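Structural description and commentary
For reference, the chains in residue letters:
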Amino acid sequence: MSIVEMRHIYKYFGNFCANEDINFSVEEGEIHALLGENGAGKSTLMNILYGLYMHDKGTILINGEEVNMGSPSVAISKGIGMVHQHFMLIPQLTVTENIFLGMKEAGFVLHRKELQRRVEELNTKFGFNVKSDALIWQIPVGVQQKVEILKVLMRRARILILDEPSAVLTPDEVVELFDSVKALSREGYSIILITHKMSEVLNYADRVTVMRQGRVVDTVRVAETDENALARMMVGRNVDLERQITGGEFGAPLLEVSNLTVKNNKGFETVKGVSFSVREGEILGIAGVDGNGQLELGEAIVGLRRIEHGEIKLNGNVVTRSTIRHRLDEGLAHIPDDRLKKGLVLQFPIKENLIMGMQRSDKYSNGIFMKQAAIEEHAKQLVEEFDVRPADVEYLAGGLSGGNQQKVILAREVDRQPNVMLAIQPTRGLDIGATEFVRRKLVEERNKKKAVLLISTDLDEIISLSDRILVMYNGTFMGEVKYDTPLETFSLLMAGCPVKEIPESGKVV
Ligand code: ADP
Ligand code: MG
C-alpha cells in the first residue's frame, strides 16, 4: 500500500486547468521526483497535498485512508511536511526558536534546554550540522534550508515535500543537502523532490513522475530510464542538446581582443593580458571554473568595466574607450549573466523591454512621442517568433519565468541584427526546453555568419556549441582546445595545469 495516493486530481485557477486528472503515489522510504518544466503544475499539486490549495475534484488517501486535506494543519497531522522555495523563517530568532515556533507542545511545557537537545538529536542523526543557538540571519541559505527541514521533522512528518530545494544552493550545499535526503530515506522517510533538473533525478531519486502542461506524462523507475527519455517526456518532443555541426568556413575577425588587462571590483588584475579573436561564422567558447576572470572579461568587452591595458576592436574599429552605446552601434549584442539586474527592467512590460536601447530610433519615436503602434507590432512579432509565454506584450517582465525572461533578452538582442553576439552564462538556471531554445538561437546566429563569443562555466554547453574553445584560469588562457578534446584534459586545464605537462598517456604523476 502506498503511503500517499492522489487519485484523479483536478485543479482550476479560473478557467485555467493547472492539474488535470493527476494520479500520483508515494511509497514509504522512497525519493520520488516530480519532474517538469516551469509551469507544469508541480507546485500546485504539492500545495494540494499539503492542504494549501483545495482541489476541485479527486481524492487523496494517506495510508489507505481518505483524507480531507482542508489546511496545512490537517496535512501536518497526517505526517506531511513541506519546504517551500522561499523560506518562511524569522531572521531575528534563533534556529531552535524558529523550529518550535507555533508548536503547541513547545509553548510552556518544555524548557529551552530540552528544545535545544531535541534539535541537536535530529541534527546528529541526519548530519545536518546546524548550530541550534545561531540566529537565522547569521547563517547561510543552505543552512537555513536545513532549519526548514528540521522544523518539518520536529512536527513528526514522515513525508517531506521539497520544492526545488537546490535552486538557492551552491554546488557544495547541493551535495550536502542530498546526502541528508538520502539519510532520511534510509530511515523510512518518504521524500517528494520537486525539480526541473535532470541530474538530480538521475543521481538521487528512486522513481520519477514527469508532468507536462498540467498532466502526468508517466511515472517510471529511475533505474529503468535515461536522460533522453526523461527530456522527451518533459518537453513532449525529442530534445537535442547534442553537439551542433559547425556552420562552415570562418570569415574575417569581427571581435579582436589584444593584450587585455582588467581589474576586478577589489582592484586586483583578474584578466591578465589576454588576446583572441572571434571570426564570422564562429562560436568561440571560453570555458573555466567560475571566478577566473571570464565575467570581468565579458564586462570589459561590453563596456561595463574599465580597461587597464590592451585593445578591443569591433569590425576592425577600436572601441577600447567607447561607451556601451557606441559598441551597440558597432553591432555588439549582449546576453548578460544576470538577466534580472542587467538584462531587463522588471517593472516594465515585455514590449518596452524589447526596444530597450532603441527607444530613440526613428522606428519607435518621432523625437517627442513614442510610436506605440510600432512598438506593439514589433513586440508581437518577436514574442511569437521567440515563443515567449504568456504571449502578451503588456505582461511585466518581472512576472515571467526565467526561461521566458531569457527569451525576451535574446529576442531583443537578435533583433538588433548584431555582428558580434556575446553570451555570458546564457542558460544558467533555465529548464531544458528553454536551454535548448537559447542554444539553438546562438547556433542560428553563428550560421548567419555572426561572431559568437560564449562565456560559460557549463562545460557541456561549451563543448556542444563551440567551434573553438579557450580555457581560462586565473586571468589567462591555459590553452586552446576543440570539442573532442578528452575531458581529462579539460579538467587539467581548468585546474591550471598546462597541457604541455600532460604526458602521452594523459596522466599526471
Ligand atoms: P510548476 O511548479 O511546475 O512550475 P505551478 O504549479 O507553480 O508550476 O504552476 C502551474 C500553472 O498554474 C502555471 O501556469 C501558473 O501560472 C498557474 N498558477 C499557479 N498558481 C496559481 C495561482 N495561485 N493563481 C493562478 N494561477 C496559478
Ligand atoms: Mg514550482
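Let me begin by describing the structure that accompanies this report. Chains are numbered independently. Their residues run from 1 in the order of the written sequence. Chain letters and ligand numbers both follow the written order, the letters beginning at A and the numbers at 1. Confidence filtering applies because this is a predicted model: local features only for residues at pLDDT of at least 70, side-chain atom pairs given and counted only at 80 or more, and all residues used for totals across whole chains, interfaces and linings. To get the side-chain values, all heavy atoms of the structure are used, and hydrogens and water are removed first.

1. A closer look at the site of ligand 1
Every residue lining ligand 1 is accounted for by Phe13, Phe16, Ala18, Glu37, Asn38, Gly39, Ala40, Gly41, Lys42, Ser43, Thr44 and Tyr53. Contacts to ligand 1 include Ala40, whose backbone N or O atom sits 3.2 Å from an oxygen atom. Counting of polar contacts relies on pairs of N or O atoms within 3.5 Å, with two restrictions inside protein: one atom must be capable of donating a hydrogen and the other of accepting it, and residues adjacent in sequence are counted only when both atoms are side-chain atoms. Between Tyr53 and ligand 1, the recorded distance is 3.4 Å, taken from a side-chain N or O atom to a nitrogen atom. For the accessible areas, the method is Shrake-Rupley and the probe is 1.4 Å, while residue cover comes only from the protein chains on display. Relative to its free-state accessible area of 560 Å², ligand 1 is covered by the protein chains to the extent of 61%. Only runs of H or I of at least four residues qualify as helices and only runs of E of at least two qualify as strands under DSSP, and these elements are numbered from the N terminus. Taken together, the elements giving at least two residues each to the shell around ligand 1 come down to strand E2 (16-26) and helix H1 (42-49). Take the shell around ligand 1: its biggest share by element is three residues, from H1. Charged means Asp, Glu, Lys or Arg here, nonpolar means Ala, Val, Leu, Ile, Met, Phe, Trp, Tyr, Cys or Pro, and polar covers whatever is left, Gly included. Here the residues of the shell around ligand 1 are counted per class, giving five nonpolar, five polar and two charged. Here, proximity means that at least one heavy atom of the residue falls within 4 Å of the molecule or strand.

2. A closer look at a nonpolar patch on the surface
For patches, a residue must show more than 30% relative accessible area and have no salt bridge; joins then use 9 Å for like charges and 5 Å for nonpolar side chains, namely Val, Leu, Ile, Met, Phe, Trp and Tyr. What counts as a salt bridge is simple: a side-chain nitrogen of Lys or Arg found within 4 Å of a carboxyl oxygen of Asp or Glu. A cluster of nonpolar side chains, contributed by Phe13, Phe16, Leu52 and Tyr53, occupies part of the molecular surface with about 380 Å² of accessible area. Tracing the backbone shows Leu52 in the loop between H1 and strand E4 (57-62). Each residue's exposure class comes from its accessible area (1.4 Å probe, protein chains only) as a fraction of the maximum for that residue type: buried when under 20%, exposed when over 50%, partly exposed otherwise. The exposure class assigned to Leu52 is partly exposed, which follows from its relative accessible area of 42%.

3. Considerations on the environment of Met370
Looking at the element boundaries, Met370 is found in the loop between helix H12 (350-353) and helix H13 (372-385). Overall, the relative accessible area of 34% leaves Met370 in the partly exposed class. Counting along the chain gives 11 residues from Met370 to Gln359, while the straight-line C-alpha distance between them is 7.8 Å.

4. Re the nonpolar core
Residues Ile149, Leu153, Leu160 and Val208 are the most contacted members of the largest nonpolar core, which totals 52 residues. The element that contributes the greatest number of residues to this core is helix H5 (residues 141-154), accounting for seven residues. If near-sequence neighbours (up to four positions away) are discounted, Ile149 is found in contact with Val83, Phe128, Leu160, Leu162, Leu177 and Leu184. If you look at the next biggest cluster of nonpolar residues, it comprises 41 residues, including Leu344, Leu442, Ile469 and Met478. To qualify as a nonpolar core, a set must consist of buried Ala, Val, Leu, Ile, Met, Phe, Trp, Tyr and Cys residues joined through side-chain atoms within 4.5 Å. Contacts are assigned to residue pairs with any non-hydrogen atoms lying within 4.5 Å of each other.

5. Observations regarding the packing of aromatic side chains
Pairing of aromatic rings covers Phe, Tyr and Trp, the last counted by its six-membered ring, and requires centre-to-centre distances within 6.5 Å; plane angles under 30 degrees mean stacked, over 60 mean edge-to-face, and any other angle means tilted. Enumeration according to the criterion identifies six aromatic pairs in this entry. Ring plane angle 75° and centroid distance 5.8 Å describe the contact between Phe276 and Phe477, whose orientation is recorded as edge-to-face. Residue Phe276 is located in strand E12 (residues 269-279), and its partner Phe477 is located in strand E20 (residues 476-481); the two are separated by 201 residues in the primary sequence. Note on Phe386 and Phe437: the rings are 6.1 Å apart at their centroids and 65° apart in plane angle, and the pair reads as edge-to-face. Taken together, the positions of Phe386 in the loop between H13 and helix H14 (402-415) and Phe437 in helix H15 (residues 432-447) put the pair 51 residues apart, joining distant regions of the chain. Just as Phe386 is buried, Phe437 falls in that class too. Taken together through their ring pairs, the aromatic side chains of Phe126, Phe128 and Tyr189 make up a single cluster. Charges are assigned to positions over rings by a cutoff of 6 Å between ring centre and Lys NZ or Arg CZ, combined with an angular limit of 35 degrees from the ring normal. Residue placement shows Arg158 over the ring face of Tyr189; its charged tip is 4.4 Å from the ring centre. The ring of Phe437 has Lys407 lying over it, and the distance from NZ or CZ to the ring centre is 5.0 Å.

6. Let's talk about helix H9 (residues 294-302)
Counting buried residues in H9 gives eight out of nine residues, a clear majority hidden from the surface. All of the buried residues along H9 are Gln294, Glu296, Leu297, Gly298, Glu299, Ala300, Ile301 and Val302. Of the residues flanking the end of H9, it is Gly303, one or two places downstream, whose phi is positive at about 105°.

7. Structural notes on the sheet that holds E12
For two strands to be treated as a pair, DSSP must find at least two bridges joining them. Strand order across the open sheet formed by four strands is E12-E11-E14-E15, with antiparallel pairing between neighbours. Edge positions in the open sheet fall to E12 and strand E15 (317-318), since each of these has one partner strand only. Bridge count for strand E11 (residues 253-263) against strand E14 (residues 309-314) is five bridges, and the pairing is antiparallel. Considered in E14, the bridge of Ser258 is made with Glu311. Here H9 sits on the sheet in contact with E11, E12 and E14, set at roughly 120° to E11. Think of each axis as a best-fit line through the C-alpha atoms, taken over the contacting stretch in the case of a helix, with angles from 0 to 180 degrees between the N-to-C directions.

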